[in-house]
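# Coordinates in review
This is what each chain is made of:
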Amino acid sequence: MRRTKDFLFRVGKEKFWWCDNCNIPTLSSTCLRCGGKSRGLKASLPGDLRPAWNFDLKLIRKVVNEDFGNGIGEKLLPSNKLVLLNKIPGIDWTDEVIIDGLAVGLMMFDVREKRWRFMPKIEGARRIYHYGGRKWVRVDEGATRQIINKRNVMAAGILDVDDSIRKGDYVYILSHDYQVIAVGRARMNGKDMKAGGLGVAVKTKMADKPGDICELKSESTWSKAVEANREYVEEIAKKATKFIIETTEKQRKPIVVAFSGGKDSACVLNLAMDALGDSFKIAFLDTGLEFPETINYTKEALKELDVENLLLYETAGDAFWKCVNKLGPPSRDHRWCCKVCKLRLMSKIVKELGGECLTFVGQRKYESMSRAAEPRITRTIHVPGQVRASPIKNWNSLHVWLYLGYKKMKVNSLYFKGHVRIGCFMCPASDLAELELVRESHAELWSKWEHALKLWAETHNLDSSWIKYGLWRWRRLPRYWKDILGEERFWSLKNL
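From a predicted model like this one, the values you see are computed outputs, not experimental measurements.

### A look at the overall build of the protein
- When helices and strands are counted, the protein shows 19 helices and 20 strands.
- Computed over C-alpha atoms, the radius of gyration of the protein comes to 25 Å, within 12% of the 23 Å expected from 2.2 N^0.38 for 496 residues, which places it in the range of a compact globule.
- Its C-alpha atoms give the protein principal-axis dimensions of about 80 × 65 × 35 Å.
- For the protein, the proportion of its 496 residues judged to be buried stands at 55%.
- Pairs at least 24 apart in sequence give 67% of the contacts found in the protein among residues at least 6 apart.
- For the protein, the exposed area adds up to about 23,000 Å²; of that, 49% sits on carbon and sulfur atoms.
- One way to put it: in the protein the 84 positive side-chain charges average out to a point 4 Å from where the 61 negative ones average out.

### Focus: the sheet that holds strand S12 (residues 170-174)
- What the six strands build is an open sheet, ordered S10-S14-S13-S12-S9-S11; its pairing is mixed. The open sheet has two free edges, formed respectively by strand S10 (153-154) and strand S11 (158-161), since each of these has just one partner strand.
- Relative to S11, strand S9 (residues 136-139) runs antiparallel, the two being bridged by three bridges. Looking at S11, one finds that valine 137 is bridged to valine 161.

### Considerations on the environment of phenylalanine 243
- Looking at the secondary structure, you find phenylalanine 243 in helix H8 (residues 230-251).
- Using a relative accessible area of 10% as the deciding quantity, one classes phenylalanine 243 as buried.
- Along the backbone, phenylalanine 243 and isoleucine 392 are 149 residues apart, and their C-alpha atoms lie at a distance of 9.5 Å.
- Leave out the neighbours within four places in its chain, and phenylalanine 243 touches Phe360, Arg376, Ile377, Ala389, Ser390 and Pro391.

### Some thoughts on the state of the cysteines
- The final tally for this structure, using the stated rule, is zero disulfides.
- With no disulfide of its own, cysteine 22 lies closest to cysteine 34 among cysteine sulfurs, the gap being 3.8 Å.
- Of the cysteine sulfurs around cysteine 337, a residue in no disulfide, the closest is that of cysteine 338, at 4.4 Å.
- Residue classification places cysteine 337 among the buried residues on the basis of a relative accessible area of 10%.

### Describing empty space enclosed by the protein
- Enumeration over the complete set of coordinates arrives at two cavities of 30 Å³ or more.
- Of the pockets and cavities examined, the largest cavity occupies roughly 80 Å³.
- Lining the largest cavity, in full, are Arg50, Pro51, Trp53, Asp56, Lys263, Ser397, Trp401, Tyr415, Gly418, His419 and Val420.
- Counting only elements with at least two residues in the lining of the largest cavity, the list comes to strand S4 (49-51) and helix H14 (397-407).
- There is about 30 Å³ of room inside the second largest cavity.
- In terms of lining, the second largest cavity is formed by Gln363, Arg364, Lys365, Arg371, Glu374, Pro375, Ser390 and Lys393.

### Section: helix H12 (residues 336-352)
- For H12, spanning 17 residues, the distance from its first C-alpha to its last is 24 Å, which sits close to the expected 24 Å at 1.5 Å a residue.
- The largest bend along H12 measures about 35° and falls at leucine 343.
- Where H12 is concerned, the buried positions are Trp336, Cys337, Val340, Cys341, Leu345, Met346, Ile349 and Val350.
- Those residues of H12 that are buried are in contact with strand S15 (255-258), strand S16 (281-286), strand S17 (311-315), helix H11 (319-327), strand S18 (357-360) and strand S20 (386-389).
- Once H12 finishes, glycine 354 follows within two positions and takes phi at roughly 105°, a positive value.

### Brief notes about the packing of H11 against helix H16 (residues 443-459)
- For the pair H11 and H16, interaxial distance at closest approach is 10 Å and the crossing angle is 20°. It follows that H11 is roughly parallel to H16 by the angle criterion. H11 and H16 meet at a crossing whose hand is right-handed. Judged by residue contacts, Phe320, Trp321, Val324, Asn325, Lys326 and Leu327 of H11 engage Lys448, Trp449, Ala452 and Trp456 from H16.

Rules used throughout
- For every chain, the first residue of the written sequence is number 1, and numbering continues from 1 onward in sequence order.
- Under the rules for a predicted model, residues below a pLDDT of 70 receive no local features and side-chain atom pairs below 80 are neither given nor counted, while totals for whole chains, interfaces and linings still include all residues.
- The side-chain numbers reported here are obtained from all heavy atoms of the structure, hydrogens and water having been left aside.
- Counting from the N terminus, the helices are the DSSP runs of H or I reaching at least four residues and the strands are the DSSP runs of E reaching at least two.
- The atom set for the radius of gyration is the C-alpha atoms, and the globule formula is 2.2 Å times the number of residues raised to the power 0.38.
- Under the scheme applied here, a residue whose accessible area is under 20% of the maximum for its type counts as buried, over 50% as exposed, and between as partly exposed, the area being computed with a 1.4 Å probe on protein chains only.
- Any two residues whose heavy atoms approach within 4.5 Å are treated as being in contact.
- Per-residue and other accessible areas were derived by the Shrake-Rupley procedure at a 1.4 Å probe size, with only the shown protein chains allowed to occlude residues.
- Think of it this way: Lys and Arg go in the positive column, Asp and Glu in the negative one, and His and the chain ends go nowhere.
- The atom standing in for a charge is NZ when the residue is Lys, CZ when it is Arg, CG when it is Asp and CD when it is Glu.
- Note on pairing: DSSP must find at least two bridges between two strands before they are called paired.
- The definition used for a disulfide is geometric: two cysteine sulfur atoms within 2.5 Å.
- Cavities and pockets were defined on a 1 Å grid built over protein atoms only: a cavity is a set of grid points that admits a 1.4 Å probe from which the probe cannot escape, a pocket is an open set flanked by protein on both sides within 12 Å along at least five of seven lines, and lining residues are those with an atom within 4 Å of any such point.
- Grid points are joined across faces, edges and corners, and a volume is the space filled by probe spheres set on the points.
- Helix span, expected: 1.5 Å multiplied by one less than the number of residues in the helix.
- Each residue is assigned a bend, namely the angle between axes fitted to the seven residues that terminate at it and the seven residues that start at it.
- In this analysis an axis means a line fitted to C-alpha atoms, helices contributing only their contacting stretch, and an angle means the value between N-to-C directions, from 0 to 180 degrees.
- Orientation is classified from the angle alone, with under 35 degrees giving roughly parallel, over 145 giving roughly antiparallel, 65 to 115 giving roughly perpendicular, and any other angle giving oblique.
- In a left-handed crossing the near helix is turned counterclockwise from the far helix by less than a right angle, and in a right-handed crossing that turn is clockwise.

Coordinates in, geometry out; function isn't part of it.
Here's what the structure looks like:
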């Protein structure tokens, strides 16, 4: 929790606005498309907003339909409106879902059940009820006043309840006069609530006074958002290219742009081309753990930009697989994989360039605590002679996506298949949800990795939960796993 607070402090409060007329996000308080005033958009910290693509929308609608009734997902997130997702801190992957410039819920991966859950926020609950959705609990007048003040829902105060509610479901609370006043998690099933009695029926998560839904009628698209923010994007791009030029002049070293096949490095490559023409090299470090889509995209992108001749390609080959049987799986607190599969390759490139270089990278402060703390220009002890500079360190994901839309640059297809980050397919920094996505979409890659995990687990007498919950991602398990695994199993796996 402390690290999360430090991270949010370093990132700071990002400002976003929403134009109700055009129904799009804007990066300034004035919509440059219609000229109207935009209202402030309240997004949870850190505020790394990105567009929801078709894959994301289908998944969220499916989960909403399963929990709140058939067709509710399509009504909550219609195809004629732009939806944004905001990845926020949580035990695992957690996205805040934004439509009409309002957060309507949280899409969360439940690590205990290994499935997605949708928890409505107040605005989302009001819409779900308006559309005829289930999972509601109606309370009496006395309970209404208490619950608005964020008290839990007691079984004795319930007037009526949806029979489909099961213990553990996310539900919304109706006042005695049928107004949505709260959202919470059921501690009983619907039939037990209806039977009355004592005890907490729903643990309240959020509450508010009765109010109407704030649904906008105007349609919106991503291309409309790109058009509306064009001038602002040009402004931040100009500042980034100026940074690249000034840093180059000060450092006076051979210049390299690190290209990983992800959106951030694609952004930096474009900026570097605008700032420096072709007076640099492009480094692609093939870790031997890349998605096939990333390899293909890298070739296509460099060909499309006509910069294939600038490429410095290095590959780690099967170095990872040779090391994993000796060192065990890499973890968040022991990432030997980076040294073996990346840093050695970069060191080789630096040596070929005469022993020093200036590398422009696509790192952003929103990605992690370490990246938020790192200076914009820094030397790395792991690659002697290399100076790294981050032109887009202060950009959020919305800046990046709007810039790529403005430049009309092709991006890695994995982003449209549910992936948020592009890198090694089994990166220990991944959430369990991301690993499950890889298991489903790239069965051959995952099968090879799972085989290595099983061999290590058998040799070290680790039970099935070590693989099932991705516990190999830590050498020392965080304490929150004690609630998930149980006391005995947690302590047996704590120091792996």
